[in-house]
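Listed here are the chains, written in short residue letters.
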Amino acid sequence: MKIYLNGEFVDKKDAKVSVFDHGFLYGDGAFEGIRSYDRLVFKLQEHIDRLYETMHTLMITVDLDKKQMMKVVVNTLKKNNLRDAYIRVIVTRGEGDLGLDPKKCYGKASVIVIADKITLYPEELYKKGMEIITVPTVRNCPEALNPQLKSLNYLNNILAKIEANNSGYCEAIMLDHLGYVAECTGDNIFIVKHNILSTPSQGRLRGITRETVLELAVQCKIETRETLMTRHEVYIADECFLTGTAAEIIPVVKVDGRTIGSGQPGPVTNKIMKMFKMVTRQDGEKY
Ligand code: PXG
């Protein structure tokens, strides 16, 4: 495996960053998770745009412009000869002293691109649907650490994941600081009620898979809403599913012990899953 590290491709065993890198010391950095299907990188421009938006707010600059960054992603895939891949782009603040002050970082921002495979949930759950719970850890409030930032500081989500794991579940709903449904630990959430597809309007990452699903729904004339969502609305939904680059689209059939709809993946979920599979193999940056 060849990893892109600050301008060169190195072997996995040599892909190392300094212990003084503030990405390591403080989670001070940004990242993206991208997928490619059949030698097409899906929504590459959108992922790179979001990466640069996170970097803009974190005030991290890199030597590469967006076009060059996209080229690095494509070259990493070519170098590793991967047809279908999960790509992780990481930008850290770079090396500094032991204080948290970014002003004292003397190093350049580090840019790392890894192309590998990923499976988040067991394959059978994509057919049967999964059971999830709501966990006590609340999603970061926007005034503290905005969930729109895809930063290297993911402890909020990791704490929620630990709570899910401790209760025997592999995914969990996180509420926002007001008690509304925000998202899951690494996925956005959708519900279907009376053929209307809804997803939380706030407190969550603006997921690129989420945006794609909203577009696909419009294409097949399904009404969509971005709205405040309560747990009650999830419990009484006809269908529920989660979306994310790593997870793709996965049906949910039980939430906090309440069966959702028929207890099986519903027709809207199945339709959106089918369309997503098609679009990911048709659109994208060829390599
Ligand atoms: N919400 C959060 C909090 C995420 O981290 C998504 C939604 C989905 O966004 P996209 O743009 O991918 O549709 C994400 C991204 C993991 C893992 O191991 C998950 C993500 C990122 C990194 C790791 O579960 N999901």
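Scoring rules and cut-offs
- Residues numbered from 1 in each chain as written.
- Predicted model: local features only at pLDDT ≥ 70, side-chain atom pairs only at ≥ 80, totals over all residues.
- Heavy atoms only, no water.
- Near = heavy atom within 4 Å.
- Polar contact = N/O pair within 3.5 Å; in protein donor to acceptor, adjacent residues only side chain to side chain.
- Areas by Shrake-Rupley, 256 points an atom, 1.4 Å probe, with all protein chains shown as cover.
- Helix = DSSP H or I, 4+ residues; strand = E, 2+ residues; numbered from the N terminus.
- Axes fitted to C-alpha atoms, helices over the stretch in contact; angles between N-to-C directions.
- Parallel < 35°, antiparallel > 145°, perpendicular 65-115°, else oblique.
- Left-handed = near helix turned anticlockwise from the far one by under 90°.
- Contact = heavy atoms within 4.5 Å.
- Nonpolar A, V, L, I, M, F, W, Y, C, P; charged D, E, K, R; others polar.
- Phe/Tyr/Trp six-rings, centres within 6.5 Å; stacked < 30°, edge-to-face > 60°.
- Buried < 20%, exposed > 50% of the residue type's maximum accessible area, 1.4 Å probe, protein only.
- Lys NZ or Arg CZ within 6 Å of the ring centre and 35° of its normal.
- Salt bridge = Lys/Arg side-chain N within 4 Å of Asp/Glu carboxyl O.
- Domains from an automatic or database assignment.
- Buried area = accessible area lost by both parts, 1.4 Å probe.
- Expected span 1.5 Å × (residues − 1).
- Arc of directions from axis to C-beta.

A closer look at the site of the ligand
Neighbouring the ligand are 21 residues; Tyr154, Glu183, Ile208, Thr209 and Thr245 lie closest to it. Glutamate 183 places a side-chain nitrogen or oxygen 2.6 Å from a nitrogen atom of the ligand. For the ligand, the accessible surface in isolation is 550 Å², of which the surrounding protein chains cover 89%. Contributing elements (two or more residues each) for the shell around the ligand: β5 (85–92), α6 (208–219) and β13 (239–244).

Some points on the packing of helix α2 (residues 44–58) against helix α3 (residues 66–79)
Put simply, α2 and α3 touch, their axes get as near as 10 Å, and they point 125° apart. In terms of orientation, α2 lies oblique with respect to α3. The crossing of α2 and α3 is right-handed. For the pair α2 and α3, contact is made by Leu44, Gln45, Ile48, Asp49, Leu51 and Tyr52 and by Lys66, Met69, Met70, Val73 and Val74, respectively. Taken together, the residues of the contact of α2 with α3 sort by class into eight nonpolar, one polar and two charged.

Section: the packing of aromatic side chains
The full count for this structure, using the stated rule, is five aromatic pairs. When the centroid spacing of 5.6 Å and the interplanar angle of 70° are considered together, the rings of tyrosine 4 and phenylalanine 9 count as edge-to-face. Ring plane angle 85° and centroid distance 6.5 Å describe the contact between tyrosine 37 and phenylalanine 42, whose orientation is recorded as edge-to-face. For tyrosine 37, a relative accessible area of 4% corresponds to the buried category. Members of the aromatic cluster, each reached through a chain of ring pairs, are Tyr37, Phe42 and Phe276. Above the ring of tyrosine 235, the side-chain terminus of arginine 258 is found at 4.2 Å from the ring centroid.

Remarks on the environment of methionine 275
Position of methionine 275 relative to the elements: it lies in helix α8 (residues 267–282). The class for methionine 275 is buried, based on a relative accessible area of 17%. Along the backbone, methionine 275 and glutamine 219 are 56 residues apart, and their C-alpha atoms lie at a distance of 9.9 Å. Here methionine 275 is in contact with Leu216, Gln219 and Cys220, once residues within four sequence places are set aside.

Focus: the pattern of salt bridges
Proximity of charged atoms lets side chains of opposite charge pair with each other. Summed over all chains, the structure comprises 18 salt bridges. Among the ionic pairs, lysine 66 bridges to aspartate 49, the shortest N-O distance being 2.8 Å. With lysine 66 in helix α3 and aspartate 49 in helix α2, the pair connects residues that are 17 residues apart, well separated along the chain. Lysine 66 gets classed as partly exposed once you look at its relative accessible area, which sits at 31%. A residue is classified by how much of its surface remains accessible, and aspartate 49, at 23% relative accessible area, is partly exposed. Across the pair aspartate 63 and lysine 108 runs a salt bridge whose closest N-O atoms are separated by 2.9 Å. Linking aspartate 63 in the loop between α2 and α3 with lysine 108 in the loop between β5 and β6 (110–116), this pair joins segments that are 45 residues apart in sequence. Here aspartate 63 matches lysine 108 in class, with each residue exposed.

Some details on the domain arrangement of the protein
Domain boundaries assigned for the protein yield domain 1 (2–116) and domain 2 (123–280). Centre-to-centre separation of domain 1 and domain 2, based on C-alpha positions: 27 Å. Tallying the contact residues gives 24 residues for domain 1 and 19 residues for domain 2. Between domain 1 and domain 2, a total of about 1700 Å² is buried, with carbon and sulfur atoms accounting for 64% of that surface. Linking domain 1 with domain 2 are one salt bridge, by the criterion used here. For lysine 43, the salt bridge identified is with glutamate 215, shortest N-O distance 3.5 Å.

Some remarks on α8
Compared with an ideal rise of 1.5 Å per residue, which puts 16 residues at 22 Å, α8 spans 23 Å between its outermost C-alpha atoms and is within 8% of the ideal. Residues Val268, Thr269, Ile272, Met275, Phe276, Val279 and Thr280 constitute the buried set of α8. Along the axis of α8, the buried positions cluster into a sector of 130°, meaning they face one direction only. Among the exposed residues of α8, those oriented more than 90 degrees off its buried face are Pro267, Lys274, Lys277 and Gln282. Note on α8: the residue one or two positions beyond its end, glycine 284, has a positive phi of about 140°.

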